[in-house]
Amino acid sequence: PNEAPLPHVWSLNGDHAGATQNFWRSVEGVTLTDSSIVWAVSQGSPLRRSVVEGDLYLSDNGGWSSGGFMADVRVKGILDMGTQQQWFFRNVALGSKGVVCPIGWNYVFMGVTGLNATRCQGSTLGKVVEVKDTPRIAEKPYIVQEEDGQTWNIYVPSLRQSSNDSYVRGAFANASAAIDRKLEIGQDVFVARPGHTSSQINKGIRGKKGLLFTPGVYTLEGPVQISDHGFVVLGIGFPTLIATGHEPAMQVVDGATDVRIASLLLEAGSPGNPSAARPLLVWGERSQHSRGESHGRVSGVLSDFFARVGSFSYQGCKSVSVETMLEINSNDVIVDDAWLWHADHDDCGYKSDGCYSAHGLVVNGEKVSVYGLSAEHALGGDIVRWNGEGGETYFYQCELPYHNPQFGAAGYAGYAVSPKIRKHTAKGVGIYIIGKLSVKSAYVGSASLDLENLVTVVVGDGPQQFKNSACVRDTDAAKDHCLQPEHCDDMRCILSTVSHDHQHTASQGHRHAVPRSSGREGDSASSKPGQDARVEEKEDDEEVDRQRGSAGKGTHDRLTTTALVLANTPPPKSQMHFKLAVETSSQLLAESSTGAAYSFYINGKWTESRDLFSSADPGQELTSNCTLETWPTKLRLKAKGIDAWGYKQITLTSGEHKRTLLDSIDGDLYGDNQYWLDGSGGLAPSRQEYIVPDHTSAWTIYNHYDVHDGHDVEQMDGTNIEAVKRKVKEGGYAGFTLNLGQAFLKPSGSNILAKTDLDFMGDTSTAAFYMYGEQRVRTSSSTVTLTGTFTQTETSTTQASTSMQTSAATPSSTSLTTPVSTTTTTTT
């Protein structure tokens, strides 16, 4: 890197005000000399074998980002994670300024020096996994122009065991010392160019030691066959290999050792029967006999490998299919950065939703190690399926196929390990849901698992869309044992540990695994880190089992799972899932660039503060999901920076219960009122508190008040009182009046009634006004609070008594008792 200085490189926010579509780009083998570098990327964008002299920012100006991979890198300034949701670091040397991690869900640091893991993790439980050494690795091959100016070689780095920072220093200070062999391009290496067929490439590599793919698109009628020991395949410029004819784009034979494959993008190009299309890359044969024994030798290293399935305009928006993107059948294969993507967006009008893929990764070989894996949206099976003994995954990011609701119904998972497996390691596993999808479990399979930090995230209705974090089963067991997360924050949950030896775990009273409550579906349980937990047995869902058994194609044999029993735990506490929604106003200065946080008042104390947003535009709805032990009594909003922020509506929803805490057409102008926060201490306060109405089904009935014509937005048959009540409850209306057999409903979402809305029509009126929940009525001198609860249902004329408590002196007419003809009796 020292021989290739550059002032800077950059990757900035894209058209969507973020970096979540910044794919397929890389930086490698340079020294960047500027005081700051912005590398705002998502998947498929590795940073390797480089030195950053200044600060390195992994996001751009607060735009969302979803990376990432970094290996063999030295950062001398600050490493700022910014908005990165997740990232994998391997053999990285940090300077004295270290790393800053303002948010984030899942970071894995392997063989990293200068890391303050506690500082990075902050208050987010399970955000950081630190692995001191890389178990075994060979860096990615790279091209070097020799000093004669004429010779170009591919340098092939040595395989290292238990590498650490000394390996990083050696790679920088003395590159030759870290090199196993050099292949001369032309003499030892066949150079492939766009237009070459697989037959031409296979003919060209005979007698060679390597294959170099130059930039471009290669449409292959059959697989490129790799059969020699020590063979090297290297791509430059992200060459795209399209597999057609239901054949792989590339295949490595069993028995070959020390094969290196790097920097390729493989794409599905076969239409028709998905089960007939073989994996895009096949490493070895499936049969155990063909795999044989590796005798401790590494079959090879796969670096910066990317695969995709989808419809793209440059290929005519064709619908394509493949069973598996990457299948590893050989033993002792190392994967160093892979992204296996079924496209969830394209330039063909989302035609990729009609394409098919079953798995991102299937591993049948033994002792396969994966460093940095992302696999997303495969819809016909478990996205990662591991059938080989002794496997390792360090960092996994998975977004489930939100465009396919049948994924959850079929019982598939983001990460599955065969119940026959007796040893498997997984550290830093993040599985996400976007939208409405609901699944049984993020992880399914063997309980013989060393797991550290299983993170689930739901950008949707709430964490309960993962019914469990993990479900495990022994091969001879008939029942699943499902584990709940130990902690949830907004939309993110964490299960920090599952031990590999469940019998030993039970006897020792291991920690952290938390069982599902025996209550209704969607209930969950929690315990503090350090408490023991026990797992409650749970019967299989027969319909899920039936679907899993019949929906599979090819290798979709149904996974059973293993029992993990943890002892000596008190019964778990119930939890409630909430969605807080705050809508900003369009008043002048209502936008904010510095963010706000919120907390709830429960049982005499405030909860830990949570972020509501980092920036907000006028007229934007901001939402946050959280899990609480019980219904809160107050909400606190607090400005995080020095900016002001204006809003007009606040609602809190849990299940069928929705409460409006604040509501206005557009809030008020900036000033000292309940619609503004100002962190700079200006006219508006830096924090506000709001009463949360009780969540019980409380109705209030009192004497008739006329809702003026300007507010009467909907009419119903007032004689069907139950239908009107349901309408009010579903719409969150403030109430309605009954007059001449008609019901006049308030506008949706409004529970603050102005004094002009309440004109008393006299003691002889037979109409009534109903409300759902606690409501507040603003008068010129006070705020009136109305509450009530139905106690029984009768068909009779009843005496309804209503009291309106006020915070100041109120007219005598605010406490009235009048006979009304209704079908219910109400007490207040």
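The coordinates are above.
About the cut-offs
- Residues numbered from 1 in each chain as written.
- Predicted model: local features only at pLDDT ≥ 70, side-chain atom pairs only at ≥ 80, totals over all residues.
- Heavy atoms only, no water.
- Helix = DSSP H or I, 4+ residues; strand = E, 2+ residues; numbered from the N terminus.
- Buried < 20%, exposed > 50% of the residue type's maximum accessible area, 1.4 Å probe, protein only.
- Contact = heavy atoms within 4.5 Å.
- Areas by Shrake-Rupley, 256 points an atom, 1.4 Å probe, with all protein chains shown as cover.
- Phe/Tyr/Trp six-rings, centres within 6.5 Å; stacked < 30°, edge-to-face > 60°.
- Lys NZ or Arg CZ within 6 Å of the ring centre and 35° of its normal.
- Pairing = 2+ DSSP bridges.
- Axes fitted to C-alpha atoms, helices over the stretch in contact; angles between N-to-C directions.
- Disulfide = S-S within 2.5 Å.

Within the protein chain, the regular secondary structure consists of eight helices and 69 strands. Across the 828 residues of the protein chain, 58% fall into the buried class. The long-range fraction of contacts in the protein chain, counting pairs at least 24 apart against all pairs at least 6 apart in sequence, stands at 65%. Of the accessible surface of the protein chain, which amounts to about 32,000 Å², a share of 48% is contributed by carbon and sulfur atoms.

Scanning all chains against the criterion turns up 26 aromatic pairs. Ring geometry for F213 against Y218: centres 5.1 Å apart, planes inclined by 85 degrees, an arrangement best described as edge-to-face. By relative accessible area, which is 0% here, F213 ends up buried. For Y218, a relative accessible area of 0% gives the class buried. Connected via pairs of aromatic rings, a cluster forms that spans F23, W24, W339 and W341. The ring of W24 carries R308 above its face, with NZ or CZ at 4.8 Å from the centroid.

The next point concerns the sheet that holds strand 18 (residues 179-184). The strand order 15-16-18 describes an open sheet built from three strands, whose pairing is antiparallel. Among the strands making up the open sheet, the edge pair consists of strand 15 (142-145) and strand 18. With direction set aside, neighbouring strand axes in the sheet form an average angle of 35 degrees. Here strand 16 (residues 152-157) pairs with strand 18 via five bridges, running antiparallel.

In this section: unusual backbone geometry. Most peptide bonds adopt trans geometry, and most residues besides glycine take a negative phi value. Cis peptide bonds are those with omega within 30 degrees of zero, and the linkage from G67 to G68 qualifies with -10 degrees. Unusually for a residue other than glycine, Y350 sits at a positive phi of about 65 degrees. Note that Y350 resides in the loop between strand 30 (333-342) and strand 31 (356-363). For Y350, a relative accessible area of 53% corresponds to the exposed category. Unusually for a residue other than glycine, K367 sits at a positive phi of about 55 degrees.

A word on the state of the cysteines. For the structure on display, the rule yields four disulfides. Between C317 and C348 runs a disulfide, and the two sulfur atoms are separated by 2.0 Å. Disulfide C317-C348: torsion about the S-S bond near -85 degrees, hence left-handed. Of this pair, C317 sits in the loop between strand 28 (300-309) and strand 29 (321-328) while C348 sits in the loop between strand 30 and strand 31; the two residues are 31 residues apart in sequence, bridging distant segments of the chain. In this model C471 forms its disulfide with C482; the gap between the sulfur atoms is 2.1 Å. On the S-S bond that ties C471 to C482, the torsion sits near 110 degrees, and the link is right-handed. Residue C471 is found in strand 39 (residues 470-472), and its partner C482 is found in strand 40 (residues 480-484); the two are separated by eleven residues along the sequence. By the burial criterion, C471 is buried, and C482 matches it.

Fair warning: the whole summary comes from geometry, so function is off the table for now.
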